Amino acid sequence: MRRRTSTMLIGSLALALVLGACGFAPAPRPAPLAGGTDGATAVRPVAALADRAGFNPGSGILWMNDGDRQRELDAMAATGAKWIALDFDWNSIQGDGPASFRWDRSTDTVVREARARGLRIIATLAYSPPWARRAACRTTSHCLPTDPTTFARFAAAAVARYGAGSTVKEFRGSVEVWQIWNEANHVPFVNPTVDIAGYTTMLRLAYPAIKTRDAGATVLAGATSPAGDDPSGRDVAPASFLRGIYFAGGRGSFDAFSHHPYTYPDSPLVVAPWSAFAQTAQIHQVMVDNGDGAKKIWGTESGAGTGTGPKSVSATRQAELLHDYYTGWNTRYRSFTGPLLWFTVRDASADPNTVTDNFGVLRRDFRAKPSRAALVTVLSGG
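Residues numbered from 1 in each chain as written. Predicted model: local features only at pLDDT ≥ 70, side-chain atom pairs only at ≥ 80, totals over all residues. Heavy atoms only, no water.

Draft legend 1. How the structure looks around the state of the cysteines. Applying the stated criterion to the full structure yields one disulfide. Disulfide pairing places Cys137 opposite Cys143 at an S-S distance of 1.8 Å. In this structure, Cys137 and Cys143 share a single accessibility class: buried. (Disulfide = S-S within 2.5 Å. Buried < 20%, exposed > 50% of the residue type's maximum accessible area, 1.4 Å probe, protein only.)

Now the structure itself:
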């Protein structure tokens, strides 16, 4: 407990120094939420911090009922965080065939509602429909396409609908940032093995398809999982994956790199070779080595799950870890990073034994955890 308290105090002082140097005055610390609320009370965040924070709610938000989805979006906006990552599920949107675009299945609705709440969207373009998948993984959408030009056409269509030049007025300018796939260095998302060359080819085709239609858009490569180098090819460490992209000719085909700096159940402030948070600096060094040192690394997933299962933490500890994530990101790595997103806003279930279901700052019934107050405090400069 003494070590944890010291970490919190050191982090708070460091963050305060950064804010002071930038000319920001801390806002009043908000009162904690009552246990039975869902966190709908609005706050006044420090603008520079709010623009560096957000939520990744996972794919579930695409398919939940209207009431729950809208409450989740309200809860995100109420923290003051400005970003939301949304899956633009290729498998759903073009599942009926290459000539079909079913934006109405869920994408239009979630984009419309997120935008209405002032949330800035990171669109993750991923997951192959049956007609586009490689033969080795016909039973899963988590597979790179056989022909990467099919993905580029999908990316172009998405930008045409939601980018700055959209002919659909209500969606024009809805999406500024496009992420190319999710955890392409980790086999659950790129069956049957990681394919750096294949990913890079897809990236090199998608980049101009996006930029031609919206020159001001930001294209993120990577979205790397905190994996290690596996000789079988099922996992590739983030820095190794990025080196592979450069080796395959990917330089010039992305504007920033995306990474998932999870360290749970440990603090991200612990410096160790296994720490995906510490690997952020390694990734940046690879960028520097390849002439891309001015590009940023975006943390599009981070977090820790509460409960009783393996790698779970207490609700109080989760709040401490959230504080550590945002403090470290905004001090140690501020000069070469973009926003950091928390996975997720609300628990996916009420089962305390499944750690990945309990990353939310709200419980399944929308009651706030201490981590919700911790995020509000961080974003208000406290």
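Let's pick the thread back up.
Draft legend 2. The arrangement of the pattern of salt bridges in detail. Under the definition given, this model contains 18 salt bridges. Asp68 is the partner of Arg346 in a salt bridge, and the nearest nitrogen-oxygen pair spans 3.6 Å. Of the two residues, Arg346 sits in the loop between strand E8 (337-342) and helix H11 (370-379) while Asp68 sits in helix H3 (residues 66-78), which places them 278 residues apart along the sequence. Among the residues examined, Arg346 registers a relative accessible area of 6% and is labelled buried. (Salt bridge = Lys/Arg side-chain N within 4 Å of Asp/Glu carboxyl O. Helix = DSSP H or I, 4+ residues; strand = E, 2+ residues; numbered from the N terminus.)

Draft legend 3. Main features of the pairing of strand E6 (residues 256-259). Burial along E6 is two-sided: Ala256 and Ser258 and Phe257 and His259, pointing in opposite directions, are all buried. Pairing between strand E5 (residues 218-224) and E6: four bridges, direction parallel. Bridging from a neighbouring strand, Thr224 pairs with His259 of E6. Between E5 and its parallel partner E6, the chain crosses via helix H8 (residues 238-247), and the hand of that crossover is right-handed. Pairing of E6 with strand E7 (residues 296-299) involves four bridges; the strand directions are parallel. Residue pairing across strands places Ala256 opposite Lys296, the latter belonging to E7. For the handedness criterion, the β-α-β arrangement of E6, helix H9 (residues 279-289) and E7 is classed as right-handed. (Pairing = 2+ DSSP bridges. Right-handed = clockwise from strand over helix to strand, strands pointing away.)

Draft legend 4. Fine view of the packing of aromatic side chains. Here the structure, examined in full by the defined rule, presents 27 aromatic pairs. Judged by centre distance (5.8 Å) and plane angle (70°), the ring pair of Tyr127 and Trp181 falls under edge-to-face. Of this pair, Tyr127 sits in the loop between strand E3 (120-126) and helix H6 (148-162) while Trp181 sits in the loop between strand E4 (175-180) and helix H7 (196-213); the two residues are 54 residues apart in sequence, bridging distant segments of the chain. Each member of the pair, Tyr127 as well as Trp181, carries the same accessibility label: buried. With 6.0 Å between their ring centres and 55° between their planes, Phe151 and Trp181 make a pair best called tilted. Pair noted here: Phe151 is in helix H6 and Trp181 is in the loop between E4 and H7, with a separation of 30 residues, a long-range link. A relative accessible area of 0% places Phe151 in the buried class. You can call Trp181 buried: its relative accessible area is 0%. A cation sits over an aromatic face here: Arg71 above Phe366, 3.8 Å from the ring centre. The side chain of Lys295 reaches across the aromatic face of Phe254, ending 4.5 Å from its centre. (Phe/Tyr/Trp six-rings, centres within 6.5 Å; stacked < 30°, edge-to-face > 60°. Lys NZ or Arg CZ within 6 Å of the ring centre and 35° of its normal.)

Draft legend 5. Summary view of helix H10 (residues 315-329). The end-to-end C-alpha separation of H10 is 21 Å, in line with the 21 Å expected for 15 residues at 1.5 Å each. With respect to burial, H10 is a largely interior element, 14 of its 15 residues being buried. (Expected span 1.5 Å × (residues − 1).)

Draft legend 6. Quick peek at the environment of Pro98. Examined against the element boundaries, Pro98 turns out to sit in the loop between helix H4 (90-93) and helix H5 (107-116). Considering only alpha carbons, one finds Pro98 and Phe154, 56 residues apart in sequence, at a separation of 8.9 Å.

Draft legend 7. Inspection of the nonpolar core at higher detail. Formed by 90 residues in total, the largest nonpolar core has its most connected members in Phe88, Leu125, Trp178, Ile180, Trp181 and Tyr199. Counting eight residues, the second-largest nonpolar core is a separate cluster that includes Ala85, Ile122, Trp298 and Leu341. (Core = buried A, V, L, I, M, F, W, Y, C linked by side-chain atoms within 4.5 Å.)

Draft legend 8. Representation of the environment of Asp96 within the structure. Within the secondary structure layout, Asp96 lies in the loop between H4 and H5. Sequence separation of Asp96 and Pro130 is 34 residues, and the distance between their C-alpha atoms is 8.7 Å. A polar contact of 2.9 Å, which involves the side chain of Asp96, links it to the side chain of Arg105. (Polar contact = N/O pair within 3.5 Å; in protein donor to acceptor, adjacent residues only side chain to side chain.)

Draft legend 9. How the structure looks around the pairing of E8. Most of E8 sits out of view: six of its six residues are buried. Two strands pair when backbone bridges link them, and strand E1 (residues 53-55) and E8 are joined in this way by three bridges, in the parallel orientation. When the bridges of E8 are listed, Gly54 appears paired with Leu341. Pairing of E7 with E8 involves two bridges; the strand directions are parallel. Following the sheet pairing, Gly299 is matched in E8 by Leu340.

Draft legend 10. A look at unusual backbone geometry. The linkage connecting Asn191 with the following residue, Pro192, adopts the cis geometry, with an omega of 0°. Examined against the element boundaries, Pro192 turns out to sit in the loop between E4 and H7. The step from Tyr264 to Pro265 runs through a cis peptide bond, and the omega angle for that step is 5°. Unlike most non-glycine residues, Tyr127 shows phi in positive territory, near 80°. Overall, the relative accessible area of 6% leaves Tyr127 in the buried class. A positive phi angle, close to 50°, is found at Glu183, a residue other than glycine. Structurally, Glu183 is set in the loop between E4 and H7.

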